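Chain by chain, the residues:
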Number of protein chains: 2
Amino acid sequence: MDDDTPPFFYVMNYASEAEGDVIDMVSGNPDWEPPEALREGLREYADAETDQFQYPPSVGLRELREEIAKRRGVDISQVIITNGAGEANHLAMAGGLEAVDGNEIILADPVYPYYDGRTSLLDAEKTLIPVDKDGHLNPETVHKRASEETAVIVVNSPNNPMGVTYDGDAIEQLLGVAEEYDALLVSDEVYDHFDYSGRFTSALSFDSPNRIVTNSFSKSMAVTGWRVGYAIFPREDRPAPYNELVDSARTRHMLTNVAISRPAQASVLRALRETDPSYYEAVREQMVERIDRFTSALDAAGAEYTEPEGSFYVMARFPGLPGTMENIEMLIDEAGVAGMPGEAFGDSRSDWMRFALVSPRVEEAAQRLAEFFE
Amino acid sequence: MDDDTPPFFYVMNYASEAEGDVIDMVSGNPDWEPPEALREGLREYADAETDQFQYPPSVGLRELREEIAKRRGVDISQVIITNGAGEANHLAMAGGLEAVDGNEIILADPVYPYYDGRTSLLDAEKTLIPVDKDGHLNPETVHKRASEETAVIVVNSPNNPMGVTYDGDAIEQLLGVAEEYDALLVSDEVYDHFDYSGRFTSALSFDSPNRIVTNSFSKSMAVTGWRVGYAIFPREDRPAPYNELVDSARTRHMLTNVAISRPAQASVLRALRETDPSYYEAVREQMVERIDRFTSALDAAGAEYTEPEGSFYVMARFPGLPGTMENIEMLIDEAGVAGMPGEAFGDSRSDWMRFALVSPRVEEAAQRLAEFFE
C-alpha cells in the first residue's frame, strides 16, 4: 500500500500536521532492515560494466527468473518479472479479463484499494463479497455469487487489510469455482513470508490452469520502493485459453513497461541467493511480538478485533468509536495514533479501523490506545 | 529499442550463432560510460536509511520532478516520472485516445515498433504515413490524412529509425494539425541530447494544450536498463479535455505500476544535478565522429543513405542488396556486420537497413562493409 490513494494521503497529511507526536500505523512500509546482501548487491552493481546498465530482457533477468522458478517449482517460461506486485496484478487481471468469457471481477470486501481501482480502470463489472465474521472470504458464498459472467476472482492471502490467512482448503475451493466457470483465480501472495497461523498455502500447490500467482520482494525484503515483483502464469502446454495467458502478458508488459529496472533486479537476485532463512524468521518473530503487544492493548481497551493470522495489519473496532474518518482524526489528535478508516476498504468493515504494525513504536501506540480507552 | 521484439531477437540470435566475428549494430544500447555521478548516486543510495527504500510518491520523487520541471520550464504538477519513455508513451497514447474524440493514431512509416504494437494493444485504428525522400514525415501529408477521427499523432525527434531531426516549423505544423482536429501530438524526445543538425526543437517550445512530451534518461545517461523516464502533460488550468490528461495519467500509472523503482530515481536525481554539460557534449562528439566514419564507408560502398541528423541510427541501402532479413543474414555471415532489416519498421523503407552506431567498433564495421561491397 502506498500513500497516494486519496484516503491514505489525507490521513498521512492530517497526522503530519497534528500538534502532538503521532505514531504512524497508516501504511504498510516495513521499518526494518533489508537483507544485507541486498545492499551489497546494489554496491556491486554500481561498479558493473556498462553493458550491465542496458536493457535487461523484457521478461526479466534470466538468472532471477531461474531462481524464482526453482523456488516455486514452476517452469521458467511461466515467470515474468514485473514492476512490483502492482504490475503483476495488473497483468493478471487485465489478461484474465481478456482471455476468458465474462466481464466480472470478484473481490473480497474489505478490499485492497488497488484491486478495486484496477477493476474500474479495466471497465470490468465489480462484485464485492463481504468477508465472514472471522475476516475470511467464504468460498461457498463466492460459489453462489459466481456465474458464467465471472472472469476473475482475486484473493490476497495473507490478507491486506484483514490480517487473516486462507488455508489450503479455501484456496482449493476458490480454484474450484474458477474452474467451474472457466474463470481465473488471481492469488496475490505478497505476504507469504508473514503467515503466523501456519496455514498459508500457495495457489501453486494445486494443479490447475485456472490460476495466476503474483508476488513481490517488497515486503519479504523490506523494499516496497524498489519495485521487483513477479507473476506466474499457466504453462504453455495447458489447454486454451489458459495456455495463451503468459504470452499475452509478455506483450502487455513489453508495450507498457518495456522492461523492469535493472539495479533493483540485480540486487534482489543477489539477496535471494545469499539471504539465510534466519533473516525472514527474525522479521516474522518481530511481527509476532508486535501483534502480541498490540492485541493485548486492544484487549485492555475493550476493543473487538479480527484474530491476526498474517500480513502486517490488525482490523479493530473500539467500543462506541466506529472507524470513520472523523474518528481516525480524533484518535490522531487525542491519542496520538494514526490508523486507517475501515471505509477506505469498502463497506463491510466501514466501522472498523486498520492498524499497520510497521513501526518500532507499536508498543507505545498500544499503550496510548489502552490509556485513551481506559 | 530492446532486444525482445521478434525481429530483433531473431537477428541478435543469428549474429551470436554465426561462425565468424560479428560487429553488433542491431540495438540502441549505448556502449559508453554513464555520468560518474550516476554510479556515485547508486553507491550513496545503497547506504541510505531504510525509509528511503520504501514507496516513493507514485508520480515520482518530488526533487526529481522539481529538477525536470525547472529544466523544461513547466509546472511540477505536469510531470509524472515513468518506467522509462516506454511507460511515458503508453500513458500518453492511452490517455490521449481516451480523452478526445476519434480512435485513430497516426504514426510515421518507418515506425519505431513499440508505437505500432501499442496502437494495436489499445485497439486504435492505425494510420502509417510514409516519410518523404529525406526521411522526414511531411506535416502537409499528415494534414491531408488527418480527420475528426484522429486522436493521437506520434512524432519522434530526433528519430529512430530514420536518424533525422525535425525542425521547429515541422513540430509547430504537426501541433497545428492536432489543434485543428482536437487531437494530441505525442512528442517523444528521448534523443534530444543527440541532435547533430542544430535544428532540434522541443514541442514544449510551443504554447499549446494539444501536446504531451515524453522523454527518458536511458540514452542521455547511457542506462537503458534503469528505466527512468517522464511525461509532461498539459497544465490543469487548460481547457477540457486537455486539463484532465495529467490526472487520468496519474491514475493509470498508479494502477499499473504503483510507483517507479527508487534506486534508479535517486541516482538519476544526483546525476542530473551534478553532471557537467561537457559529459553530454563529449558523448555527442563521439557519435558525430562515428557517423562521419560510417557514412564515409557507405560512400565508398556506393550505398544510398539518409543524411544523419540525430539519434544513434543510420538508414542505408546498398546497391543490389535490399534490406530483407535474408540479406541481413548474408551481411552477418559474409561481412561480419549485423544491422536491422528495414522491414522490421514498416513498409516504406523495407528495402533499407538500419545500423545503430553504438559500438566502439563502428570504424571496423565501416571498413568491413566497404571491403565487402568493393
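Residues numbered from 1 in each chain as written. Chains lettered and ligands numbered in written order. Predicted model: local features only at pLDDT ≥ 70, side-chain atom pairs only at ≥ 80, totals over all residues. Heavy atoms only, no water.

1. Remarks on the relation of the copies chain B and chain A
Here comes step 1: Superposition record for chain B on chain A: RMSD 0.0 Å, screw rotation 180 degrees, translation along axis 0.0 Å. In symmetry terms, the pair is related by a two-fold rotation axis. Every residue of chain B has its C-alpha some distance from the rotation axis, and the shortest such distance is that of Arg43(B), at 2.7 Å.
Here comes step 2: A shared interface surface links the copies, since 100% of the contact residues of chain B are contact residues in chain A too. (Least-squares fit on C-alpha atoms with pLDDT ≥ 70 in both. Contact = heavy atoms within 4.5 Å.)

2. Structural notes on the UniProt feature "domain: Aminotransferase class I/classII large" (unreviewed entry) in chain A
Here comes step 1: The positions UniProt marks with the feature "domain: Aminotransferase class I/classII large" (unreviewed entry) are residues 21-368 of chain A.
Here comes step 2: Between the end C-alpha atoms of residues 21-368 of chain A the distance is 11 Å, and the span holds 39% helix and 16% strand. (UniProt positions renumbered as here; feature names shortened; annotations may be inferred. Helix = DSSP H or I, 4+ residues; strand = E, 2+ residues; numbered from the N terminus.)

3. So, the pattern of salt bridges
Here comes step 1: Scanning the entire structure with this criterion turns up 58 salt bridges over all chains.
Here comes step 2: In this structure, Glu309(A) engages Arg199(A) in a salt bridge whose closest nitrogen and oxygen atoms are separated by 2.9 Å. On the criterion of sequence distance, the pair formed by Glu309(A) in the loop between β9 (304-305) and β10 (313-317) and Arg199(A) in the loop between β6 (184-188) and β7 (211-216) is long-range, its members being 110 residues apart.
Here comes step 3: Note on Glu309(A): relative accessible area 12%, which makes it buried.
Here comes step 4: Close ionic contact of Glu364(B) with Arg368(B) constitutes a salt bridge, the shortest N to O distance being 3.3 Å. Separated by four residues within a single helix, Glu364(B) and Arg368(B) lie in helix α12 (residues 362-372), roughly one turn from each other.
Here comes step 5: A residue is classified by how much of its surface remains accessible, and Glu364(B), at 31% relative accessible area, is partly exposed.
Here comes step 6: Taken together, the shared-partner salt bridges connect Glu63(A), Glu67(A), Lys70(A), Arg71(A) and Arg273(A) into one network. (Salt bridge = Lys/Arg side-chain N within 4 Å of Asp/Glu carboxyl O. Buried < 20%, exposed > 50% of the residue type's maximum accessible area, 1.4 Å probe, protein only.)

4. Topic: the interface of chain B and chain A
Here comes step 1: Across the boundary between the two partners, chain B contributes 52 residues, which contact 52 residues of chain A.
Here comes step 2: Together, the buried faces of chain B and chain A total about 4500 Å²; carbon and sulfur atoms form 57% of this surface.
Here comes step 3: Where chain B meets chain A, there are two salt bridges.
Here comes step 4: Measuring nitrogen to oxygen at the nearest pair gives 2.7 Å for the salt bridge that ties Asp47(A) to Arg43(B).
Here comes step 5: Across the chain B-chain A interface, the total number found is 36 residue pairs in polar contact (both at pLDDT 80 or more).
Here comes step 6: Elements that contribute at least two residues to the side of chain B that touches chain A include exactly α2 (36-46), α4 (84-99), α5 (113-121), α8 (245-257) and α9 (262-274) of chain B.
Here comes step 7: Looking at the side of chain B that touches chain A residue by residue, the classes come out as 24 nonpolar, 14 polar and 14 charged. (Buried area = accessible area lost by both parts, 1.4 Å probe. Polar contact = N/O pair within 3.5 Å; in protein donor to acceptor, adjacent residues only side chain to side chain. Nonpolar A, V, L, I, M, F, W, Y, C, P; charged D, E, K, R; others polar.)

5. Some thoughts on the packing of α4(B) against α8(B)
Residue and element names in this part refer to chain B.
Here comes step 1: Contact geometry of α4 with α8 gives a least axis separation of 10 Å together with a crossing angle of 125 degrees. As judged from the angle between their axes, α4 and α8 are oblique. Crossing angle aside, the handedness with which α4 passes α8 is right-handed. Mapping the contact onto sequence places Glu87, His90, Leu91, Ala94, Gly95, Gly96, Glu98 and Ala99 in α4 and Leu245, Ala249, Arg252, His253 and Asn257 in α8. (Axes fitted to C-alpha atoms, helices over the stretch in contact; angles between N-to-C directions. Parallel < 35°, antiparallel > 145°, perpendicular 65-115°, else oblique. Left-handed = near helix turned anticlockwise from the far one by under 90°.)

6. Things to note about unusual backbone geometry
The bulk of non-glycine residues show a negative phi, and the bulk of peptide bonds are trans.
Here comes step 1: Here the bond from Ser157(A) into Pro158(A) is cis, since omega is -15 degrees, no more than 30 degrees from zero.
Here comes step 2: A cis amide bond links Asp109(B) to the next residue, Pro110(B), at an omega of 10 degrees.
Here comes step 3: Of note, Asp182(B) is a non-glycine position whose phi angle comes to about 50 degrees, a positive value.

7. Some thoughts on a negative patch on the surface
Residue and element names in this part refer to chain A.
Here comes step 1: A cluster of acidic residues, Asp101, Glu125, Glu148, Glu149, Glu180 and Asp182, forms a negative patch at the surface.
Here comes step 2: Within the element layout of this structure, Glu148 appears in the loop between α6 (139-145) and β5 (150-156).
Here comes step 3: Looking at Glu148, the relative accessible area reads 55%, which means it is exposed. (Patch = residues over 30% accessible without salt bridge, like charges linked within 9 Å, V, L, I, M, F, W, Y side chains within 5 Å. Areas by Shrake-Rupley, 256 points an atom, 1.4 Å probe, with all protein chains shown as cover. Lys, Arg positive; Asp, Glu negative; His and termini not counted. Charge placed at Lys NZ, Arg CZ, Asp CG, Glu CD.)

8. Observations concerning the domain arrangement of chain A
Accessible area lost on assembly of the parts is the figure often given for the size of an interface.
All names here are of chain A.
Here comes step 1: Domain boundaries assigned for chain A yield domain 1 (6-34 + 277-372) and domain 2 (54-274).
Here comes step 2: Listed as interface residues are 31 residues of domain 1 and, on the opposing side, 33 residues of domain 2.
Here comes step 3: For the pairing of domain 1 and domain 2, the buried interface totals around 2500 Å² over both sides, and the portion due to carbon and sulfur atoms is 57%.
Here comes step 4: Contact with domain 2 buries area across many residues of domain 1, yet Tyr280, Glu309 and Phe345 alone supply 27% of it, more than any other trio.
Here comes step 5: Scanning the region where domain 1 abuts domain 2 turns up one salt bridge.
Here comes step 6: If you look at where domain 1 meets domain 2, you find 20 residue pairs in polar contact (both at pLDDT 80 or more).
Here comes step 7: Every element with two or more residues in the side of domain 1 that touches domain 2 is listed here: α10 (277-300) and β10.
Here comes step 8: Within the side of domain 1 that touches domain 2, the residues separate by chemical class into 16 nonpolar, seven polar and eight charged. (Domains from an automatic or database assignment.)

9. Remarks on the pairing of β6(A)
Working note: regular strand, side chains alternate between the two faces of the sheet.
All names here are of chain A.
Here comes step 1: The element β6 is extensively covered by neighbouring structure, given that five of its five residues are classed as buried.
Here comes step 2: Neither face of β6 is left uncovered, since the one carrying Leu184, Val186 and Asp188 and the one carrying Leu185 and Ser187 both have all their residues buried.
Here comes step 3: As judged from the five bridges shared by β5 and β6, these two strands associate in the parallel manner. Looking at the pairing, Val152 lines up with Leu184 of β6.
Here comes step 4: The pairing of β6 with β7 spans four bridges and is classified as parallel. Opposite Val186, over in β7, you have Ile212 as the bridge partner. (Pairing = 2+ DSSP bridges.)

10. Focus: α4(B)
Here comes step 1: Given a rise of 1.5 Å per residue, 16 residues ought to cover 22 Å, and the 23 Å separating the end C-alpha atoms of α4(B) matches this to within 8%.
Here comes step 2: Along α4(B), 14 of the 16 residues are buried, which leaves the element largely enclosed by surrounding structure. (Expected span 1.5 Å × (residues − 1).)

11. Points about the sheet that holds strand β13 (residues 353-356) of chain B
Residue and element names in this part refer to chain B.
Here comes step 1: Pairing is antiparallel in the open sheet, where four strands are placed in the order β9-β10-β13-β12. What marks the edges here is a single partner per strand, and that holds for β9 (304-305) and β12 (340-341).
Here comes step 2: Where strand β10 (residues 313-317) meets β13, four bridges bridge the pair, whose relative direction is antiparallel. Each residue of the ladder has a partner; that of Tyr313, found in β13, is Ala356.

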